[in-house]
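Here's the letter readout for the chains.
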Amino acid sequence: MSSLTSDPPVGAAGTGTSPPGKDHAALKVVPVRHPLRWAAVAVTAVLIAQFAHGLATNPAWEWEVFAEFFTADVILDAVWVTLQLTFYGTAIGFALGIVIAFMRLSASPFLKSVAFGYIWAFRSIPLIVQLLFWFNLAYLYKEISFGIPFGPGFLSFDTMGLVGAMSAAVLGLALHQAAYAAEIVRAGVLAVDSGQLEAAAALGIPRLRQVRRIVLPQAMRAILPNAANEIISLFKGTSIVSVMAIGELFYQVQVIYGRNGRVVPLLMVATVWYILLTSALSVLQHYVERHFSKGATR
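All figures in this text were calculated on a predicted structure; none of them were measured in a lab.

Asker: Tell me about the overall build of the chain, and name the residues and values.
Answerer: Of regular secondary structure, the chain possesses 12 helices and two strands. Tracing the chain from N to C terminus, the helices and strands come up as α-α-α-α-α-α-β-β-α-α-α-α-α-α. Residues classed as buried in the chain amount to 29% of the 298 residues present. Taking as baseline every contact in the chain between residues at least 6 positions apart, the subset at least 24 positions apart corresponds to 70%. Here the chain displays about 19400 Å² of accessible surface, and carbon together with sulfur accounts for 66% of that area.

Asker: I'd love a proper account of the nonpolar core, names of residues and values included.
Answerer: Burial of nonpolar side chains together is a common tendency in soluble globular proteins. One finds L85, I100, Y118, L173 and V241 to be the most contacted residues of the largest nonpolar core, which totals 35 residues. Counting residues per element, this core draws most heavily on helix α8 (residues 165-190), at 12 residues. Once residues lying within four places of it in the same chain are set aside, the contact partners of I100 are A115, Y118, I119, A178 and A182. Core analysis: the next-biggest nonpolar cluster, separate from the first, contains 19 residues, I75, V253, M268 and V269 among them.

Asker: I'd like a description of α8, backed by residues and values.
Answerer: For α8, with 26 residues, the first-to-last C-alpha span of 38 Å sits near the 38 Å given by 1.5 Å per residue. If you look at α8, its biggest bend is around 30°, right at A178.

Asker: Explain the pattern of salt bridges to me, and be specific about the residues and the numbers.
Answerer: If you walk through the whole model with that rule in mind, you get three salt bridges. Between R104 and E183 there is a salt bridge, and its shortest N-O distance comes to 3.1 Å. Taken together, the positions of R104 in helix α3 (residues 73-105) and E183 in helix α8 put the pair 79 residues apart, joining distant regions of the chain. Of the charged contacts, one joins E183 and R186 as a salt bridge, the two residues approaching to 3.1 Å between their closest N and O atoms. Highlighted residues: E183 and R186, both in helix α8, separated by three residues, approximately one helical turn. Among the charged side chains, a network of salt bridges with common partners joins R104, E183 and R186.

Asker: Provide a residue-level description of the environment of I275, including the pertinent values.
Answerer: Tracing the backbone shows I275 in helix α12 (residues 263-292). Exposure remark for I275: the relative accessible area of 48% places this residue in the partly exposed category. The spacing of I275 and K236 is 39 residues in sequence and 9.7 Å in space, taken between C-alpha atoms.

Asker: I'd like a rundown of the packing of aromatic side chains, residues and numbers included.
Answerer: Scanning all chains against the criterion turns up eight aromatic pairs. Arranged with centres 5.1 Å apart and planes meeting at 75°, the rings of F133 and W134 form a pair that is edge-to-face. Of the residues examined, W134 reaches a relative accessible area of 17% and is grouped as buried. Here the aromatic cluster, defined as three or more aromatic residues joined through ring pairs, consists of W61, W63, F66, F70 and W273.

Asker: Explain unusual backbone geometry residue by residue, including any values.
Answerer: In this structure, E62 takes a positive phi of about 50° despite not being glycine. Despite not being glycine, A245 has its phi angle at roughly 60°, a positive value. Along the chain, A245 falls in the loop between α10 (207-237) and α11 (249-260).

The rules behind each value
Residues numbered from 1 in each chain as written. Predicted model: local features only at pLDDT ≥ 70, side-chain atom pairs only at ≥ 80, totals over all residues. Heavy atoms only, no water. Helix = DSSP H or I, 4+ residues; strand = E, 2+ residues; numbered from the N terminus. Buried < 20%, exposed > 50% of the residue type's maximum accessible area, 1.4 Å probe, protein only. Contact = heavy atoms within 4.5 Å. Areas by Shrake-Rupley, 256 points an atom, 1.4 Å probe, with all protein chains shown as cover. Core = buried A, V, L, I, M, F, W, Y, C linked by side-chain atoms within 4.5 Å. Expected span 1.5 Å × (residues − 1). Bend = angle between axes of the 7 residues up to and from the residue. Salt bridge = Lys/Arg side-chain N within 4 Å of Asp/Glu carboxyl O. Phe/Tyr/Trp six-rings, centres within 6.5 Å; stacked < 30°, edge-to-face > 60°.

Scope: geometric values only; no functional claims are made or implied.
Right, here's the structure in full:
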């Protein structure tokens, strides 16, 4: 009958191995080499250095002209107009978008169809066409009346005086933004677990309170990143209202370089302002997202 033998313990005499921790200092540690990574870093660094050198030394950039107009009163006024267009377009667009989103989520086939038709129409028509349509609204309707539907009107407004260039721009941007905001809000609401609403309903919590205290705080985590992208896109997209001769940033830059011929430095004025304000919006987005992500991250 054969007997069972066990291996000698590690570090025992005659085994040819040393106890743990005895010869670790003698081991040679060879770091992993990444030659392609270092080559990519070197090429990228050279390209960035060349670009920065060109910005600093190429006289065609005309940095003295850039410095002259960057904080000029006409440019600062144009930046303020751009911020106003962004604020009003965002506020009205998302307020209307929330209503349209809940219309799409409702159990009424009619409300669903109306909301879907709105989103389909305003996402299909280019923004510049929408802006020009609202700018020329007085051509179609001389006045706007309020009263009995299909009956006499009690209050009327002259369309020419009611919808000016600025009003038409805000209206066009807001209605266009609402179509995208509705889909962003709808996606955020659908991301919330339906079981929570069922539990809230079982506890007798009113429907409006469910939406306000349960659905929206959680939906905001999914809504905010996409909403921030839309706001930044709207901020840059305000340049399209230059076709309506509104004195926003890009329009004023065009007017100035149309007079003095300094195209590149004036375009850099607009570029740097867009970069600065977009960066500020990105920082604001970070803190708002961090606020609504409390309890979701560890």
